[in-house]
Each structure stands twice: as structure tokens, then as C-alpha cells.
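Spelled out, the chains give:
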Amino acid sequence: MKRTTSLCLLLSLPVLAACGTESTKQPTGGDEAAARTVAVDSGDDACDVSTAEAPAGTLTFNVKNSGSDVTEFYLLAEDGLQIIAEIENIGPQSTKTLTVSAPEGSYLTACKPGMTGDGIRADFTVTESDEEVVVSADDQELIETAQANYAAYVEDQSAQLLEQTTEFVRLYLAGDDDAARALYPVARTHWERIETVAESFGDLDPKMDAREADLAEGEKWTGWHLIEKDLWPARAENYTPLTSAERATFANDLLANTQVLDDRIQELTYTIDQIANGSRGLLEEVANGKVTGEEEFWSRTDLWDFQANVDGAKVAFGGVKPILDSKDPELSAQLTERFDALQVLLDEQRVGEGFKYYDELTPEEIKALADAVNALSEPLSNLTAAVLG
Amino acid sequence: MTTGISRRGLLGGGAAVGVGAAAFVAGRATADTSEAPSGSGGSGEHAFRGEHQAGIVTDVQDRLHFAAFDVVDTASREDLIALLKAWTVAAERLTRGEPAGEIGPVEGSTNAPPDDTGEAIGLPASNLTLTFGFGPGLFRDARGRDRFGLADRRPEALEDLPHFPFDALDPVRSGGDLCVQACADDPQVAVHAIRNLARIGFGTVGVRWSQLGFGRTSTTNTSTQTPRNLFGFKDGTANVMADEDEALAENVWVAESEGEGWLAGGSYLIARRINMRIETWDRQPLGDQEEFVGRTKGSGAPLSGGSEFTEPDFEMGGSNDQPIIPVSAHVRVVHPTMHGGARMLRRGYNFVDGSDPLGGLDAGLFFIAYVRDPRTHFIPAQLEMARNDALMEYLKFTSSAIFAVPPGIAEREYVGQALFT
């Protein structure tokens, strides 16, 4: 479960997905670098850009807000409509850096003090240079494909979650606990594959996926893990099994919330950076809860969740991979290789259709999994910047 | 006073004592804030006795060793008082840079173990402060027993903290009947102090848990640069400072009028060991890190602009119709303006206790705060943080404790004496 509500996924951003980024990519050294570094002073009524032209390549705009309102800075295409790169939320008296890969051509710069109107615009020219700037005309198409595919994936997983949860609830209410236990990790797989999306609903997530210690004193515990404890009470001290009436209350509540989740998911759209961040986020879920065996404390079915998080991360990565292939093929190859290496380790723990329980793993096996998660997560943390850059 | 070789004598670092002593004579109110500045592992000293205990508003030293003790089952009220007297004598010596015992580490009989353990031979006082506190268990233990006839003197606010959402506390390093906070500019001096106090205590108390801190994360004066926590951000920018007399009275010191008289001029100490998910944090984009905190990583200025000490403007709108300081930003969630103006005096330290079995740093912030009343000055902010703070995703609270810190120790008194009389 996520600790705090994040609604960022739900905001539809009125900008093209392929916007620039506050990138960590550093321009190459020397005079060339100096020529590609542009100082911008955004005042209340002025937008001073230190130069009106720069050689093609990775340009760095250091935007200082000397005004009294929050400002934004844009690099626009010649038509003055298409946003090539932007940087938002520059507070008064602060400076932010925008890095953008720009090919030869005519552009416009714009400061937008107060964040309204067309902004204070000026012509900006990017001249020919030795630095090759890869621009794929198909980028927009690739982006749209990735967005559509990811939305379809999330909707499909949500539908399966609803279907499996319905069956799980039926078994649990019928008292067929063995069958319910067998289905528990399988049904949750569909939650874990889209966990970063599911937990973005700050009202549903705590009702569905909270662990007991996640709650404050006096708060009522509901959801998957409460039922998990009831099905696997072995590690609980002095546990009183739920009555039939309690079972019905909690199981029906879970099912109702799953239905609400599915309804809401139909409305979602995803920007390309949200998809890339989702991939990283799912690996963080692995690192924080699954590889440590904290997620499924009662059932010990953490490896099912682990695999599902990795599945979801791999799908999100696969979606943006065609874009990454043109922008940073080395990173793309490295990520592919490390996803594979992690999968090899997970496959070693398979038993039949499922996995070993967490307490059947040796410390060495857990350590090897943790190392593979780190090996993947580190380059994965650069995915968003690379895809946007 | 002492017959053995004093550590101070060896080093010739006694000059600062005069300053401290003079200040004490001039007025106890200023006793523990007026000595030589800390910061460079120097030979500065802080007076042990004064209106308030040293180690609260005192300029924050570089290093920490914090220990919690439980009183053993066989100890009586008289044993407890005897220990507090012995600790008072030893603590006063240690803060002067002298050995813990009267004989000294190498001056005594070759047939007997020395009454000071010796690792601080040659080291100056290093601004050592020793601050003592009493936990809820001293008044009534977990089994409901009033072991020392103190149950009716327990201040109402001295209760185990409630369970906060996402708490993952390790009971063996939470709580405690007594605590000693040792702060010094040299880690060896801080460890030496706790080690010798623990030794004096054997038979009456046992160490329950202890924690080392290696880098202060707050200051109590505006002239020192605000230090950084292990997230790489400045911490404690809006701390209560030593010279804010009114704010200290309002937020830190227990007033004469409230609760138990023996605690007047004292405070409540809250200690929380906060593990950081370091590796995950390091993979967050800079812009995200800054939005989680609500400040820029470089200067520490709020995202609403200005410099480090500019007040954050929580109303300022930003892009996409969201406030420029996000609703879940740490600086907003815990800001005094969100909690009826209640402030804390923070004195936390960074810690790294090696690595965990998965190869991650076992590291974070050992949070220490002094407040006038935890019910108004700590619990609401902590609850709000647990529920709504973006940083929670990268934190894990692994220990928690609360202590009532008695007021300063007057001449010929022992620490906490008013509680027993």
C-alpha cells in the first residue's frame, strides 16, 4: 500500500507528452557547451534571453525568476503552438534548469509570469552544428501507441482482478478456505501488476491494501490483508477467526471497492512519463515490500506479488522502449538485459503454477534477488528522463 | 577537586571553564547557552548545572550517543535515588573533561579495575552535555506496578506515544524507564560518557537500547549553517532557536502552572528512530525530491521562492492549478502554521548502523525533539505526517520513546531531586 495520496496520475496535463525535462544530462564541455547554455531572466514584464541563437545539440536554459509571481518557461516550435520543452513552477527568486535536445530550426522562447496568457515571446534560432540530434518523425506516433497500449493493459488487468476477486469472495464466503488460499495470490497478481495505478486512488488504496500497522489507533482495518490474516492465522497471536457475518462484511466490501476501482480505471489516460515512472515505481514496490517479505506477512506469498510487480514494470518499459531505442539504445539494451537477469532468478523459485513461500527462501537467495532488483532499479530510474529527453 | 590527572589538565583546555562558571554565577538562566561555541571538536565546556538541563538549547554538538535504561526488578526507591546522585556527580565531572571516577583511569591500584574506562584520556571536554529523562515506566511499569512510589507524580502528558500509521517499531529498542542523551563534538567522548554511566548503573539499571548519531541535523542558533540529513536536504530550518526566549517558554519549557511541579522548567523529550529507504530515495528525480520536501535541495529555499529563511507561501498557486508547494510536501504537512503555531525544538542526528541483510544502508535520522506538551506539540504533527506526508514513502519508523526531562540541577542537588521530595 502507498503511504500517501498521490493524484498526479489523474491530472490531465494540457501539454504534449513529449515535453522536455529537468534532465540530468550534462552538455559536453568547452566553448560548445558555453554556446549551448542560455541564461533566461523572467521578470514581471520582461523575458531576457541571453542569446537568440545556439548551435544544435543539447541546450541548457537556466531560468531565473526575478519577478514576484510564479513563472513558466517554454521553447515552442516555429508555429508558436507546439511545445518542444517546458519548465513549470519556478517560484519567485528561484532558478530552474531546462535541458532540451534541439535540432536546427526556428523556435520561440516564452516566459509566462503568473502562468497565464501566451507569455512574453521572442524568436530563437538553432543553427547547424556537428552534433547530431536524433529526431524521429514517428515519435508522436510511438507515444500515442504506447499510451493506448498501456491503457488497454491496465483495463485488462483490472477486469481480471474484478473477475478473480469475485471468485475469491465466493470461495471465502462458502467456507472453502483451501481454494480461497490457492486463489488469493493469483487474484492479487492483477492488483500488483497495476499497483502504481491502483494505489493512486488515495481513498480506495487504504481500504483495499492496508496492512494492520498502516492504520492509526481506532481506525477500522479492511481489505485484502485482513482476509489474508483470517485465512493464514498461524503467525497471529491469540487470533479469533472471523464469524460468517464478519466474513461477509469484509469480503463484500473488498468486492465493492474492486468494482469502484475498475469503473474509475476506465476513465484514466496516461502520459508517457507516467508510464515510465510507473515502471520505476513498481520496482520500488518490490524493493520496499516484496523482497523484504513484508507485504504478505501472513500468507508468505510475496513472490507472487514480486513477479506481478516485475510483470507490470516490464510491460510499462516495453511500451516506451521503441522511443527509448532511438534516444538511448544503450540504456534500452541494459534494461532489457537486467529485466531478463531478474526473471532468471525468479524462475528458479517457481513451484508448479506458483512460487516458493517467502520463508522457504534462503538468506542467500533473498540477497541475490535484492541485488538483481538494485541492478535493474538503478538504470530504470533514468528511464523517464531518457524517454522525455 | 580531583586528585588524579584530569583530562582537562593534560590538554590545557581549561580556559573555557572560566567563562561557563562566570555565566553561572551571573545568572543561572543563561547558564548553558553562553559558553564557547561548539563545532570544531574543541575544548569547550558546558556547565552541568543551571536553570534548565544542558543539551537542549545548547549549540548542537557534532555527535550523539543516546541510551535508554530500564530499572531492574530488584531495585528500590532508595537504589534509584542513590543512582541519580551517583550519576549527577559523575556527569558533572565528565562534562568538565574529568574522569568519571575520583581516582582516574590509570592512577589507582594495579589490583583493581580503574574507575574510569580510559578511552577519553587526553581528550578535552569536547562540549559534552549529559541530559537525563524519566520514562513512563518509572512511574508505573508495563505490569501496572508503582515500583518507586511515584505513580501519583506522573505528569498526565507522560504516556507512551500512540501507534502512528506505518509505525514498524522494534520493541527492544523503544521505550525505557530512564534516558541519557550524551552530545559532544568528539564521538569518543560521548561514548565514554554513556559507557561509564552505564557501568555506574549496573545493579540498579540495565541498558535497554542505545543509538549513535554522527551528524547533527538541526541547529539551535542562526549563525551556524543549517546541516543536511541523509536525503541531502537541509533540516531544521524553522527550529526553535536558543535566543528565542518567548518561543522557548511557549513551546519547550513546561510551565510552573501546569501539571506536576517537579517538572516546571523541564521539557518532554521524544526520540524516534526513522530509517530512510536510502537506495529508493536516491533514484527519485531531483524535481520529485524537491516536491516531496517542499524546498529546493541546493539552497533550502521553499518552492514558493526566496532564500532558506523565507517563510513558505502555502497559498501560492503553481502550474496545473496546484499550489507550488504541493499539498503533501513535508514542509507544509508539519509546518507550525498547520498545527496551531506549535513548534518543536529539534536536535536530531543522522545515523548509519552499517547495512541490512539485503545490502541496503541501515541509516536515517534519529529524531529528537523537546516540547512543552507532546499532546499539542508533537502527536498532531506526527499523525498528520504519517497520513499525508509524501516523504513517508521513503521512511520507516523503527523505534520510539518519550521521557520527561526534569529542570536544571541546582548546586548540591541531584538530577530530578524534586520528584523524590
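What you are looking at is a predicted structure, and each value in this text was computed from that prediction instead of being measured.

**Re the overall build of chain B**
Along the backbone of chain B there are 10 helices and 10 strands. Of all 421 residues assigned to chain B, the portion counted as buried reaches 59%. Counted over contacts in chain B with a minimum sequence separation of 6, partners at least 24 positions apart contribute 75%. Accessible surface, chain B: about 15800 Å² in total, of which carbon and sulfur atoms supply 52%.

**A look at the pairing of strand 9 (residues 120-127) of chain A**
Residues and elements named next belong to chain A. In this sheet, strand 9 lies alongside strand 3 (residues 53-55) in parallel orientation, the contact comprising 3 bridges. Bridge pairing in strand 9 links Pro 55 to Thr 127. Of the pairings in the sheet, the one linking strand 8 (residues 105-111) to strand 9 comprises 7 bridges and is antiparallel in character. Counted as the bridge partner of Thr 109 is Ala 122 from strand 9.

**Thoughts on the nonpolar core**
In summary, soluble globular proteins display a tendency toward joint burial of nonpolar side chains. Within the largest apolar cluster, 154 residues are counted, with the highest numbers of intra-cluster contacts made by A:Phe306, A:Leu342, B:Trp87 and B:Leu130. Per-element accounting of this core gives the leading share, 11 residues, to helix 2 (residues 139-173) of chain A. Not counting chain neighbours up to four residues away, the residues in contact with A:Phe306 comprise A:Val286, A:Lys290, A:Val291, A:Leu342, A:Leu346, A:Leu369 and A:Val373. Membership of the second largest hydrophobic core comes to 26 residues, among which are B:Ile56, B:Ala242, B:Trp253 and B:Phe403.

**Digging into the packing of helix 6 (residues 224-231) of chain A against helix 7 (residues 244-265) of chain A**
Residues and elements named next belong to chain A. As a packed pair, helix 6 and helix 7 sit with axes 10 Å apart at the nearest point and diverge in direction by 140°. Relative to helix 7, the element helix 6 lies oblique. As helix 6 packs across helix 7, the resulting crossing turns out to be left-handed. Contacts between helix 6 and helix 7 involve Trp 224, Leu 226, Ile 227, Asp 230 and Leu 231 on the former and, on the latter, Arg 247, Phe 250, Ala 251 and Leu 254. For the contact of helix 6 with helix 7, the class distribution of residues is 7 nonpolar, no polar and 2 charged.

**Let's talk about the environment of B:Glu51**
Residue and element names in this part refer to chain B. Along the chain, Glu 51 falls in the loop between helix 2 (15-26) and strand 1 (63-71). On the accessibility criterion, Glu 51 (36% relative accessible area) is partly exposed. When the C-alpha atoms of Glu 51 and Phe 134 are compared, they prove to be 18 Å apart, with 83 residues separating the residues in sequence.

**So, the sheet that holds strand 4 (residues 57-65) of chain A**
Residue and element names in this part refer to chain A. Strand order in the open sheet formed by 4 strands is 2-1-4-7, and the pairing between neighbours is mixed. In this open sheet, the two edge strands, each paired with only one partner strand, are strand 2 (47-49) and strand 7 (95-102). Averaged over all pairs of adjacent strands, the angle between their axes in this sheet comes to 20°, without regard to strand direction. Here strand 1 (residues 37-42) pairs with strand 2 via 3 bridges, running antiparallel.

**What about the pattern of salt bridges?**
Residues and elements named next belong to chain A. Within this structure, the stated rule accounts for 47 salt bridges over all chains. In this structure, the salt-bridge partner of Glu 192 is Arg 188, at a minimum N-O distance of 2.7 Å. With Glu 192 and Arg 188 both in helix 3 (residues 177-193), this residue pair falls 4 residues apart, about one helical turn. Accessibility classification places Glu 192 together with Arg 188 in one group, the buried group. Of the charged contacts in the structure, one is a salt bridge between Lys 321 and Asp 325, with a shortest N-O distance of 3.4 Å.

**Concerning the state of the cysteines**
Tallied over the entire structure, the rule returns 1 disulfide over all chains. Disulfide pairing is shown between A:Cys47 and A:Cys111; the S-S distance is 2.0 Å. Looking along the S-S bond of the A:Cys47-A:Cys111 disulfide, the torsion reads about 55°, which is the right-handed sense. Of this pair, A:Cys47 sits in strand 2 while A:Cys111 sits in strand 8, and the two are 64 residues apart along the sequence. The pair formed by A:Cys47 and A:Cys111 is uniform in burial state, with each residue classed as buried. Free of any disulfide, B:Cys179 has its nearest neighbouring cysteine sulfur in B:Cys183, separated by 11 Å.

**What to know about the sheet that holds strand 5 (residues 71-77) of chain A**
Residue and element names in this part refer to chain A. One open sheet holds the 5 strands; their spatial order is 3-9-8-5-6, and the pairing between them is mixed. Two strands bound the open sheet, and with one partner strand each, they are strand 3 and strand 6 (83-90). Neighbour to neighbour, the strand axes of the sheet diverge by 20° on average, direction disregarded. Where strand 5 meets strand 6, 5 bridges bridge the pair, whose relative direction is antiparallel. Following the sheet pairing, Leu 76 is matched in strand 6 by Ile 83.

**Considerations on the interface of chain A and chain B**
Contacts between chain A and chain B engage 40 residues on the former and 40 residues on the latter. Together, the buried faces of chain A and chain B total about 3200 Å²; carbon and sulfur atoms form 47% of this surface. The interface formed by chain A and chain B holds 4 salt bridges in total. B:Arg283 is the partner of A:Glu378 in a salt bridge, and the nearest nitrogen-oxygen pair spans 2.8 Å. The interface formed by chain A and chain B contains 16 residue pairs in polar contact (both at pLDDT 80 or more). Looking at the side of chain A that touches chain B, the elements that each hand over two or more residues are strand 6, helix 8 (272-290) and helix 11 (363-380) of chain A. A total of 7 residues in the side of chain A that touches chain B trace back to one element, the largest contributor, which is helix 11 of chain A.

**Considerations on the environment of A:Thr37**
For A:Thr37, the location among the structural elements is in strand 1. Apart from the residues within four sequence positions on either side, A:Thr37 is in contact with A:Thr60 and A:Asn62.

**A look at the pairing of strand 2 (residues 129-134) of chain B**
Residue and element names in this part refer to chain B. Of all 6 residues in strand 2, 6 are buried, a share of seventy percent or more. Every second residue of strand 2 is oriented toward a common face, with Thr 129, Thr 131 and Gly 133 on one face and Leu 130, Phe 132 and Phe 134 on the other, all of them buried. As judged from the 6 bridges shared by strand 2 and strand 3 (residues 178-184), these two strands associate in the antiparallel manner. When the sheet's bridge partners are listed, Gly 133 is paired in strand 3 with Cys 179.

**Quick look at the layout of surface pockets**
The computed volume of the second largest pocket comes to approximately 1200 Å³. Lining the second largest pocket are 45 residues, and of these A:Asn288, A:Thr292, A:Glu294, B:Arg277 and B:Lys396 sit closest to its centre. Broken down by secondary-structure element, the contributors of at least two residues to the lining of the second largest pocket are helix 6, helix 8 and helix 11 of chain A together with strand 6 (267-276), helix 6 (278-282), strand 9 (361-371) and strand 10 (395-405) of chain B. Ranked by the residues each element gives to the lining of the second largest pocket, the list is headed by helix 11 of chain A, at 4 residues. Along the lines of polarity and charge, the residues of the lining of the second largest pocket split into 18 nonpolar, 10 polar and 17 charged.

Conventions and cut-offs
- Residues numbered from 1 in each chain as written.
- Chains lettered and ligands numbered in written order.
- Predicted model: local features only at pLDDT ≥ 70, side-chain atom pairs only at ≥ 80, totals over all residues.
- Heavy atoms only, no water.
- Helix = DSSP H or I, 4+ residues; strand = E, 2+ residues; numbered from the N terminus.
- Buried < 20%, exposed > 50% of the residue type's maximum accessible area, 1.4 Å probe, protein only.
- Contact = heavy atoms within 4.5 Å.
- Areas by Shrake-Rupley, 256 points an atom, 1.4 Å probe, with all protein chains shown as cover.
- Pairing = 2+ DSSP bridges.
- Core = buried A, V, L, I, M, F, W, Y, C linked by side-chain atoms within 4.5 Å.
- Axes fitted to C-alpha atoms, helices over the stretch in contact; angles between N-to-C directions.
- Parallel < 35°, antiparallel > 145°, perpendicular 65-115°, else oblique.
- Left-handed = near helix turned anticlockwise from the far one by under 90°.
- Nonpolar A, V, L, I, M, F, W, Y, C, P; charged D, E, K, R; others polar.
- Salt bridge = Lys/Arg side-chain N within 4 Å of Asp/Glu carboxyl O.
- Disulfide = S-S within 2.5 Å.
- Buried area = accessible area lost by both parts, 1.4 Å probe.
- Polar contact = N/O pair within 3.5 Å; in protein donor to acceptor, adjacent residues only side chain to side chain.
- 1 Å grid on protein atoms, 1.4 Å probe; cavity = no way out; pocket = protein on both sides within 12 Å on 5 of 7 lines; lining within 4 Å.
- Points joined across faces, edges and corners; volume = space filled by probe spheres on them.

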